[in-house]
Amino acid sequence: MTLGLAGSSVVVPRNFRLLEELERGEKGIGDGTVSYGMDDGDDIYMRSWTGIIIGPHNSVHEGRIYQLKLVCDKDYPERPPSVCFHSRINMSCVNHETGVVEPKKFELLTNWKREFTMEDILIRLKMEMAAPHSRKLVQPPEGTYF
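Fair warning: this is a prediction, and the values are worked out from it, not measured in the lab. (Residues numbered from 1 in each chain as written. Predicted model: local features only at pLDDT ≥ 70, side-chain atom pairs only at ≥ 80, totals over all residues. Heavy atoms only, no water.)

## Some words on the state of the cysteines
Part 1: As enumerated under the stated definition, the model contains zero disulfides in all.
Part 2: Summary of cysteine pairing: Cys72 is not part of a disulfide, and the nearest cysteine sulfur, belonging to Cys84, is at 14 Å. (Disulfide = S-S within 2.5 Å.)

## Digging into the pattern of salt bridges
Part 1: Across all of its chains, the model carries six salt bridges by this definition.
Part 2: Between Glu21 and Arg17 there is a salt bridge whose closest N-O contact spans 2.9 Å. You can see Glu21 and its partner Arg17 sitting in helix H1 (residues 14-27), four residues apart, about one turn around the helix.
Part 3: For Arg17, a relative accessible area of 3% corresponds to the buried category.
Part 4: When the shortest N-O distance is used, the salt bridge between Asp39 and Lys69 registers 2.4 Å. Taken together, the positions of Asp39 in the loop between strand E3 (34-38) and strand E4 (48-54) and Lys69 in strand E5 (residues 65-71) put the pair 30 residues apart, joining distant regions of the chain.
Part 5: When its relative accessible area of 35% is taken as the criterion, Asp39 is described as partly exposed.
Part 6: Take Lys69: its relative accessible area is 35%, and that puts it in the partly exposed class. (Salt bridge = Lys/Arg side-chain N within 4 Å of Asp/Glu carboxyl O. Helix = DSSP H or I, 4+ residues; strand = E, 2+ residues; numbered from the N terminus. Buried < 20%, exposed > 50% of the residue type's maximum accessible area, 1.4 Å probe, protein only.)

Rendered as structure tokens:
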């Protein structure tokens, strides 16, 4: 996030940005079908996060709950977090062996901007689940994990 007055700009430091995201995730702000939070409240570097996506209606994902791991390295938010599904899923942007969301196959990570958030990633992944090209992909059994 960049704030500016009269042509000047200030870059919000990483930890403040992550605190904003934590507050947003904890309050459940957003559409209610994605959520996220820190894995370890004692992690002062705020690196490891868990995300949840509730599968979109009218798709093979409907009613399923997908768990993901997001890792924000020291370069976040200048660089995107690494994103990996814990729940097994069949999507064109997800490595079928590891569950890693491959940046070259997921436009939001390919064209990452500092203003993007973890919530944006989760929402965009949910949109990808509902996209015509992935709506009917055969999915692994529910409750299986990478």
